[in-house]
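Observations on the model geometry
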Amino acid sequence: MLGMKHAEAVAEVGALPILFDIHEARLQKGVRELAERFGPGPDGFVVDIASLKDVRKVVDEISRKKGQIDILINNAAMTVESNMNNRNYFAPFEEYDVGLWEQALHISLTGAFICSQVIGRQMKERKSGVILNIASDVGVISPDHRIYRPDPKDNYPGTPFNTPLSYAVAKAGLISLTRYLATYWAEYNVRVNALSPGGVYKDHDEQFVKRLTQLIPLGRMATPDEYKGAVVFLVSDASAFLTGFNVVMDGGRSAW
């Protein structure tokens, strides 16, 4: 969901978004929606971002056909939203499948590593570029496990739903990757920052929303468009003296 919003954000200020997605139908839909709003120019490529071979091939093609890549936004992740029907994804830690754990880290963390390595190499060579890693508030603080637990008093459904450890650990890893690359490439004028969004409302269970928003000083979840300003700031010259920083945008949740 947020990946398209990030693309819209940079398109709104004149950049040319190029989407990566492993699902062709979803990719084409995204490119079509961007073109309808912003005119011809947005493009997309079917890529397994966790495959070094795939990423190298596509980045070479983009460089030949469209020129240099100025901005990289690492957003792909194995998320709660994409696994709502997978009961194994929400299994208790004591029973969590190692294969799912490895898959989540492969997509969410190794994918960012590979894209940063391939595209960042080009940025280093020309001494210019910006990388933005989309982390999460649960990469900074632990998920509050109490908001997922069934409570007969308020009829909260006892369905398996939580923030798995694999997601939180991958997002924490992205924040560490951000600091490492920011200091590693600083002398080459390649800036690397992270954005850690809080929860975004999308038809969530009413009781879950009630529990979560009690933890947020602003008293609500974010809307999908509310991170656009932060994205534009972090990938533009407006943040020219900012690198190695994680912007936590969570409605104040981590302040309590």
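Residues numbered from 1 in each chain as written. Predicted model: local features only at pLDDT ≥ 70, side-chain atom pairs only at ≥ 80, totals over all residues. Heavy atoms only, no water.

Within the protein chain, the secondary structure is distributed over 7 helices and 6 strands. Along the protein chain, helices (α) and strands (β) appear in the sequence α-β-α-β-α-β-α-β-α-β-α-α-β when read from the amino end. Taken against the 2.2 N^0.38 rule, which gives 18 Å for 256 residues, the C-alpha radius of gyration of the protein chain at 19 Å falls within 12% of a compact globule. Seen through its principal axes, the protein chain has C-alpha atoms that stretch 60 × 35 × 35 Å. Sorting the 256 residues of the protein chain into buried and exposed places 44% on the buried side. Taking contacts inside the protein chain between residues at least 6 apart in sequence as the whole, the part at least 24 apart equals 76%. Surface exposure of the protein chain reaches about 13,800 Å², of which carbon and sulfur atoms provide 53%. The protein chain carries 28 positive and 30 negative side-chain charges, and their two centres are separated by 3 Å. (Helix = DSSP H or I, 4+ residues; strand = E, 2+ residues; numbered from the N terminus. Rg over C-alpha atoms; globule rule 2.2 N^0.38 Å. Buried < 20%, exposed > 50% of the residue type's maximum accessible area, 1.4 Å probe, protein only. Contact = heavy atoms within 4.5 Å. Areas by Shrake-Rupley, 256 points an atom, 1.4 Å probe, with all protein chains shown as cover. Lys, Arg positive; Asp, Glu negative; His and termini not counted. Charge placed at Lys NZ, Arg CZ, Asp CG, Glu CD.)

Within the structure shown, the criterion is met by 15 salt bridges. Between Lys 228 and Glu 8 there is a salt bridge, with the nearest N and O atoms lying 2.9 Å from each other. Within this pair, whereas Lys 228 is found in helix H7 (residues 228–235), its partner Glu 8 is found in helix H1 (residues 2–12), the two being separated by 220 residues in sequence. Considered together, Lys 228 and Glu 8 belong to a single accessibility category, that of buried residues. Within the structure, one salt-bridge network assembled from shared partners comprises Lys 5, Glu 8, Glu 12, Arg 37, Asp 225 and Lys 228. (Salt bridge = Lys/Arg side-chain N within 4 Å of Asp/Glu carboxyl O.)

Glancing now at the sheet that holds strand E4 (residues 129–134). The strand order across the open sheet built from 4 strands is E3-E4-E5-E6, with neighbouring strands paired in parallel fashion. The outermost strands of the open sheet, each flanked by one partner alone, are strand E3 (71–74) and strand E6 (246–249). Going from strand to strand, the sheet's axes swing by 15° on average, the running direction of each strand aside. Across 4 bridges, strand E5 (residues 190–197) lies against E6 in parallel orientation. The partner of Ala 194 across the bridge, within E6, is Asn 246. Set on the sheet, H7 makes contact with E3, E4, E5 and E6; between it and E5 the angle comes to about 165°. (Pairing = 2+ DSSP bridges. Axes fitted to C-alpha atoms, helices over the stretch in contact; angles between N-to-C directions.)

On to the nonpolar core. Val 55 and Val 192 are the most contacted members of the largest nonpolar core, which totals 25 residues. Contributing elements (two or more residues each) for this core: helix H3 (52–66), helix H4 (98–126), helix H5 (165–184) and E5. The greatest single-element share of this core, amounting to 6 residues, is contributed by H4. When neighbours within four sequence positions are excluded, Val 192 is seen to be in contact with Ile 131, Asn 133, Thr 178, Leu 181, Ala 182, Trp 185, Thr 243, Gly 244 and Phe 245. Counting residues in hydrophobic clusters, the runner-up holds 19 residues, among them Leu 100, Phe 208, Val 209 and Ile 216. (Core = buried A, V, L, I, M, F, W, Y, C linked by side-chain atoms within 4.5 Å.)

It is worth spelling out H4 at this point. The end-to-end C-alpha distance of H4 is 41 Å, a good match for the 42 Å that 29 residues give at a rise of 1.5 Å each. The sharpest bend along H4 comes to roughly 35°, located at His 106. For H4, the side-chain oxygen to backbone nitrogen distance between the N-cap and Gly 99 is 3.0 Å, and the N-cap itself is Asp 97. Following H4 by one or two positions, Lys 127 adopts a phi angle in the positive range, close to 60°. (Expected span 1.5 Å × (residues − 1). Bend = angle between axes of the 7 residues up to and from the residue. Polar contact = N/O pair within 3.5 Å; in protein donor to acceptor, adjacent residues only side chain to side chain.)

The subject of this paragraph is the packing of aromatic side chains. The tally for this structure, following the rule as stated, stands at 4 aromatic pairs. Judged by centre distance (5.7 Å) and plane angle (20°), the ring pair of Tyr 148 and Phe 208 falls under stacked. Taken as a pair, Tyr 148 in the loop between E4 and H5 and Phe 208 in helix H6 (residues 206–213) lie far apart in primary sequence, 60 residues in all. Relative accessible area serves as the criterion here: at 13%, Tyr 148 is assigned to the buried category. Using a relative accessible area of 5% as the deciding quantity, one classes Phe 208 as buried. Aromatic pair Tyr 184 and Trp 185: ring centres 6.2 Å apart, planes at 50°, arrangement tilted. Three or more aromatic residues link up through ring pairs in this structure, and these residues are Tyr 180, Tyr 184 and Trp 185. (Phe/Tyr/Trp six-rings, centres within 6.5 Å; stacked < 30°, edge-to-face > 60°.)

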